[in-house]
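Observations on chain architecture
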Amino acid sequence: RHAVCIFYLVLRALDTIEDDMTISLDVKVPMLHEFHCYLYRPEWKYMESKEKDRQVLEDFPTISMEFRNLSKVYQDVISDICHKMGVGMAEFLEKKVDSQHEWDKYCHYVAGLVGIGLSRLFSASELEDPIVGQDTELANSMGLFLQKTNIIRDYLEDQLEGREFWPREVWSRYAKKLSDLAKPENIDMAVQCLNELITNALHHVPDVLTYLSRLKNQSVFNFCAIPQVMAIATLAACYNNKQVFRGVVKIRKGQAVTLMMDATNIQAVKAIMYQYVEEIYQKIPSTDPSSNKTQQVIASIRTMSLPGSPMASRHHYSPIYLSCAMLLAALSWQYLSTISKATEEYVQAGEN
């Protein structure tokens with residue numbers, strides 16, 4: 001638990017540097033490259049940030065002290081991931097995401113590495129088997145599925161903030177400029193572009209199911225499964241939906257809590273995935289350029305998630321388990337709501 005908490009705070013500090021547009025590139029690039037070294041410098045902190053999360057930089061000596069109190073096996077994982085992520089972030093500071101390959105690469109740096117790092121922590125703790133931390137391809141897919149979902153959903157917010165994460169290779173087939181997709185006269189082409197990117201993201205679902213099927217510890221399973229079922233529900237809400245280009249597309253609060261309560265075992269998660277890919281399948285327009293590819297990827301997900309055994313009933317859990325689950329749901333929803341509120345203050349759109 002401590003290792004995961006410190007991992008999060010260290011990456012939040014790194015991310016805050018990347019996001020801070022007031023730091024010049026000649027200062028920011030070396031900081032990103034060297035950030036992993038700051039973990040071992042007790043006095044290092046950064047007081048010049050204007051970002052809302054600047055406290056993690058101003059109080060970094062507190063974070064780095066707790067980092068150095070962790071077991072060496074945890075320190076090594078966090079420092080290594082931090083180094084690789086800083087180098088990757090610096091690479092994409094000076095270029096936009098062009099090809100689909102670069103989209104995968106960018107998502108690897110900012111999210112796939114998080115999945116890999118967490119997986120290595122799970123194995124290092126011996127809560128999970130060594131294979132969980134060793135199979136970096138599956139762990140990377142866990143991160144890519146979440147990151148692509150966020151990028152797809154947050155189109156409008158990112159446009160308003162001057163950020164572009166949709167790959168040019170895809171959107172250039174539908175518009176001259178990425179910002180043109182937000183124009184009412186381009187809505188049909190915009191939705192087709194959206195559907196193509198959602199289809200791309202769905203290719204990670206089989207890896208997600210394989211990864212989750214290997215987990216043995218209940219707390220680790222819940223921790224990993226909840227964001228994944230939230231992501232598939234979000235993609236189902238976004239698919240073929242013009243609202244992505246007009247405002248916020250969010251799953252309902254009750255829907256979110258139900259997902260948190262249900263996603264407690266692999267059969268339940270498979271049933272949830274099946275439910276939402278079926279929802280997408282029913283919405284595929286016959287005229288959509290990506291319709292065949294969408295149908296194909298959904299067929300592959302179906303073969304992995306066909307309900308072979310009934311979804312676990314909520315009713316057989318003990319009262320104490322249900323109380324804990326409800327507490328987790330409440331705390332998680334409070335966290336998601338806080339992030340959502342902060343985002344909406346910008347102008348209406350999106351969770352990390």
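An unreviewed UniProt entry lists the chain under the name Squalene synthase, with Pandion haliaetus as the source organism. According to its UniProt record, the chain has this under Sequence similarities (unreviewed entry): "Belongs to the phytoene/squalene synthase family." On record in UniProt, under Cofactor (unreviewed entry), the comment for the chain is "Mg(2+)".

Ranked by internal contacts, the top residues of the largest apolar core, which has 109 residues, are Phe35, Trp166, Leu181, Leu202, Tyr211, Leu212 and Phe245. Looking at this core, the element that brings in the most residues is helix H13 (residues 218–238), giving 13 residues. When we break this core down by domain, the ones giving at least three residues each are domain 1 (1–95) and domain 2 (97–309). Among all residues touching Phe245, those that are not within four sequence positions of it are Tyr155, Leu156, Trp166, Leu181, Ala182, Ile187, Ala190, Val191 and Leu194.

This brings us to the state of the cysteines. As enumerated under the stated definition, the model contains 0 disulfides in all. Cys82 takes part in no disulfide bond, and the closest cysteine sulfur, belonging to Cys37, lies 9.2 Å away.

As a further point, take the side chain of Gln255. The residue Gln255 is located in helix H14 (residues 253–262) in this model. Residue class for Gln255 comes out buried when judged on its relative accessible area of 16%. Excluding residues within four positions of it along the chain, Gln255 makes contact with Ala233 and Tyr276.

The phi dihedral of Glu126 is positive, around 70°, even though this residue is not glycine. The topology assignment puts Glu126 in the loop between helix H6 (100–124) and helix H7 (130–134). In this structure Glu126 comes out as exposed when scored by relative accessible area, which is 70%. For Asn240, which is not glycine, the phi torsion reads 55° and is therefore positive. Tracing the chain through its elements places Asn240 in the loop between H13 and H14.

With that settled, consider the packing of helix H12 (residues 205–214) against H13. Pairs of packed helices are described in terms of their axes, by the angle between the two and the distance that separates them. Taken N-terminus to C-terminus, the directions of H12 and H13 make an angle of 160°; their axes are 11 Å apart at the nearest point. Considering their axes alone, H12 and H13 lie roughly antiparallel with respect to each other. As H12 packs across H13, the resulting crossing turns out to be left-handed. Contact residues: Val205, Val208, Tyr211 and Leu212 in H12; Phe221, Cys224, Ala225, Gln228 and Ile232 in H13.

This structure, assessed with the given rule, holds 20 salt bridges. In this structure, Lys72 and Asp76 form a salt bridge, with 2.7 Å as the shortest nitrogen-oxygen distance. Highlighted residues: Lys72 and Asp76, both in helix H5 (residues 72–93), separated by 4 residues, approximately one helical turn. Take Asp76: its relative accessible area is 35%, and that puts it in the partly exposed class. Salt bridges sharing partners connect three or more residues here, namely Glu91, Lys95, Glu102 and Lys105.

Bringing the packing of aromatic side chains into the picture now. For the structure shown, the criterion picks out 13 aromatic pairs. With a centroid separation of 5.0 Å and 50° between ring planes, the pair formed by Tyr155 and Trp166 is classed as tilted. On the criterion of sequence distance, the pair formed by Tyr155 in helix H9 (residues 155–160) and Trp166 in the loop between H9 and helix H10 (168–171) is long-range, its members being 11 residues apart. Following the ring pairs from residue to residue traces out a cluster consisting of Phe35, Tyr38, Trp44 and Phe60. Above the plane of the ring of Phe92 lies Lys95, whose end atom (NZ or CZ) is 4.8 Å from the centre.

Attention now moves to the packing of helix H1 (residues 2–19) against helix H4 (residues 60–68). For the pair H1 and H4, the least separation of the axes is 10 Å and the interaxial angle reads 140°. Comparing their axes, H4 and H1 come out oblique. In the crossing of H1 with H4, the sense of the turn from one axis to the other is left-handed. Across the interface between the two elements, Ile6, Leu9, Val10 and Ala13 of H1 pack against Phe60, Ile63, Glu66 and Phe67 of H4. Looking at the contact of H1 with H4, its residues break down into 7 nonpolar, no polar and 1 charged.

Scoring rules and cut-offs
- Residues numbered from 1 in each chain as written.
- Predicted model: local features only at pLDDT ≥ 70, side-chain atom pairs only at ≥ 80, totals over all residues.
- Heavy atoms only, no water.
- UniProt positions renumbered as here; feature names shortened; annotations may be inferred.
- Core = buried A, V, L, I, M, F, W, Y, C linked by side-chain atoms within 4.5 Å.
- Buried < 20%, exposed > 50% of the residue type's maximum accessible area, 1.4 Å probe, protein only.
- Helix = DSSP H or I, 4+ residues; strand = E, 2+ residues; numbered from the N terminus.
- Domains from an automatic or database assignment.
- Contact = heavy atoms within 4.5 Å.
- Disulfide = S-S within 2.5 Å.
- Axes fitted to C-alpha atoms, helices over the stretch in contact; angles between N-to-C directions.
- Parallel < 35°, antiparallel > 145°, perpendicular 65-115°, else oblique.
- Left-handed = near helix turned anticlockwise from the far one by under 90°.
- Salt bridge = Lys/Arg side-chain N within 4 Å of Asp/Glu carboxyl O.
- Phe/Tyr/Trp six-rings, centres within 6.5 Å; stacked < 30°, edge-to-face > 60°.
- Lys NZ or Arg CZ within 6 Å of the ring centre and 35° of its normal.
- Nonpolar A, V, L, I, M, F, W, Y, C, P; charged D, E, K, R; others polar.

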